[in-house]
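Chain residues, written in single-letter form:
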Amino acid sequence: MDRIGPATLRVAQRAAALAALAFAVVGLSATNAAAVPAFAAQTGLPCQNCHVGGFGPQLTPFGREFKLQGYTLRTNDKSIPLSIMEVASYLHTAQAQTPPPPGFNSNDNFNLDQLSLFFAGGFGEHLGAFVQGTYDGIAQVWHWDNLDLRATTTVKIHTADVTLGASLNNAPTVQDAWNTLPAWGYPYTTSTLASTPATSPLLNGALAQTSLGLTGYAWINSEVYLEGGGYWSPSANALSSLGVDPTNPGSIKGVAPYGRVAFQHDIGKTGTLEVGAFGLHSDIYPGLDRTTGFTDGYTDLGLDASYVDTMSNTDVLTINGRLLHERQSLAATCALSGGDATCVNNTLNDVHVDASYYWRDKIGFTVGAFDTTGSANPILYAGNRTLRPDSTGVLLQLDATPWGNGKSPLGKRFNTRIGMQYTAYTRFNGARDNWDGAGSNAADNNAFRLFIWSAY
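Residues numbered from 1 in each chain as written. Predicted model: local features only at pLDDT ≥ 70, side-chain atom pairs only at ≥ 80, totals over all residues. Heavy atoms only, no water.

**Q** Any chance you could explain the nonpolar core here in plain terms?
**A** Nonpolar side chains in soluble globular proteins tend to end up buried together. Among the nonpolar cores identified, the biggest contains 26 residues, and Val36, Phe39, Met85, Phe118, Phe130, Trp184 and Trp453 are the most heavily contacted of them. If you tally residues by element for this core, the top one is strand β17 (residues 447–455), at 3 residues. Discounting residues that sit within four places of it in the chain, Phe39 has contacts with Phe66, Tyr71, Ala120, Gly121, Ala129 and Phe130. In terms of nonpolar packing, the next biggest core, distinct from the first, is built from 21 residues, Leu202, Phe278, Leu324 and Val344 among them. (Core = buried A, V, L, I, M, F, W, Y, C linked by side-chain atoms within 4.5 Å. Buried < 20%, exposed > 50% of the residue type's maximum accessible area, 1.4 Å probe, protein only. Helix = DSSP H or I, 4+ residues; strand = E, 2+ residues; numbered from the N terminus. Contact = heavy atoms within 4.5 Å.)

Given below as structure tokens:
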């Protein structure tokens, strides 16, 4: 590949910045949070029937079935399919941010992380909707958030009971029923004021709200799950009007195929085990720039597993894990950035595991660990002293959900969770110490957070 001349330096610098954004950890944004009392009102069941710990989004096996059946289970014909949710928090980081984000202190911030409105419910026996719009309290803008429109039917094939479904959604994995994949993975709520590593696989959330997808699935005997479909990019004008940046990560060329398979089986009297695999391939024009004639290619392939044990006395144990490998062919980014052929081919490996224990579906403790490693690249990771993307850490959470049983003094629809989190990094953007060559250490990004998360 020929190098780009000085006349295109300004374009190359802009493209390099956009490429860095494409690897941002979108999947760890505060918009992961979701709790929808409209579903509880529709089914007549308390939140703890569908959600581990009595609050979303971690699903019990019953909650998974409700989602895969298209949100259609109903005992109340007069329920209103609307809900509201807020997440507010206090955040302290090990080192003050200099300069701080606009409108915030360099440290010790109290703020509204997000305010969300939901249209969520089942309509008849075959149609269901989960539609979320969110006010981002950090960026101070409204945007469309998670979207999952479903159509389902149940058929008999030989001796098998099969649910056939289709999902129109706006983020790969947001339609998934297991909390192993990125859209609904731990942590379930965070603050975007906290610093996060600059690099993550594309499937970890970079396409969330900037794509549309249509997938079809079969759920066979409530054990085998098969799904396939594709994602494409809406127009830049449409995305802008919906409150999201159409340049990050860019525009998908054609359709990006997505596939998913999972096997779920009961273990003993109270346990449920799931193992699965998933994958996505996408070719993207980074930053909407097509001047090079090249695209950036991403192939994401992963394995996942989960275990839920609904123990006696409503105690619940969960374990979730995923391994994701991404192969990159970044011809467009490297051309725009002035890189040669050695810049193009890269890999990322991303591991996430978490385990939680909820006592009486009210008090929970969760520990999670993450590890991202990848090949060195002097163009992509020029700001990292080691020229590598490697980041590793743990995230601890203690929380309380007093009314997951539906007995809130404010009525059955009201639910809230109060908690504390601590995130600790052992590597950040390539190194433990002096990762940027200017004296910044991984532990400088450690963060302590108190939050209150309520829904009605």
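**Q** Even after reading the chapter, I still don't get helix α4 (residues 61–68), so can you show me in this structure?
**A** Structural remark: α-helix, 3.6 residues per turn; residues separated by three or four positions point the same way. Turning to α4, its buried residues number three or more, namely Gly63, Arg64, Phe66, Lys67 and Leu68. With its phi angle positive at about 85 degrees, Gly70 sits one or two positions after the end of α4.

**Q** It is not clear to me how the side chain of His51 should be interpreted in this structure. Could you clarify?
**A** Secondary-structure assignment places His51 in the loop between α3 (47–50) and α4. Accessibility expressed as a relative area gives 17% for His51, which makes it buried. With residues up to four places along the chain from it excluded, the contact list for His51 reads Gly56, Pro57, Gln58, Leu59 and Thr60.

**Q** Just to check I follow, could you spell out the packing of aromatic side chains for this structure?
**A** Given two aromatic rings, one states the distance between the centres and the angle between the planes to describe the pair. All told, the structure shown has 21 aromatic pairs when counted by the stated rule. Relative to Tyr71, the ring of Phe39 lies with its centre 5.0 Å away and its plane at 10 degrees, an arrangement referred to as stacked. A residue pair is termed long-range when its members are at least 10 positions apart, and Phe39 in helix α2 (residues 37–43) and Tyr71 in the loop between α4 and β1 (82–93) qualify at 32 residues. For the residue pair Phe39 and Tyr71, the accessibility class agrees, reading buried in each case. Each ring, one from Phe370 and one from Tyr425, has its centre 5.7 Å from the other, and the planes form 70 degrees; the classification is edge-to-face. With Phe370 in strand β14 (residues 363–374) and Tyr425 in strand β16 (residues 415–427), this pair connects stretches of sequence that are 55 residues apart. We classify Tyr425 as buried; its relative accessible area is 9%. A network of ring pairs unites the aromatic residues Phe39, Phe66, Tyr71, Phe118, Phe130 and Trp184 as a single cluster. The ring of Tyr456 is capped by Arg413, whose NZ or CZ atom sits 5.6 Å from the centre of that ring. (Phe/Tyr/Trp six-rings, centres within 6.5 Å; stacked < 30°, edge-to-face > 60°. Lys NZ or Arg CZ within 6 Å of the ring centre and 35° of its normal.)

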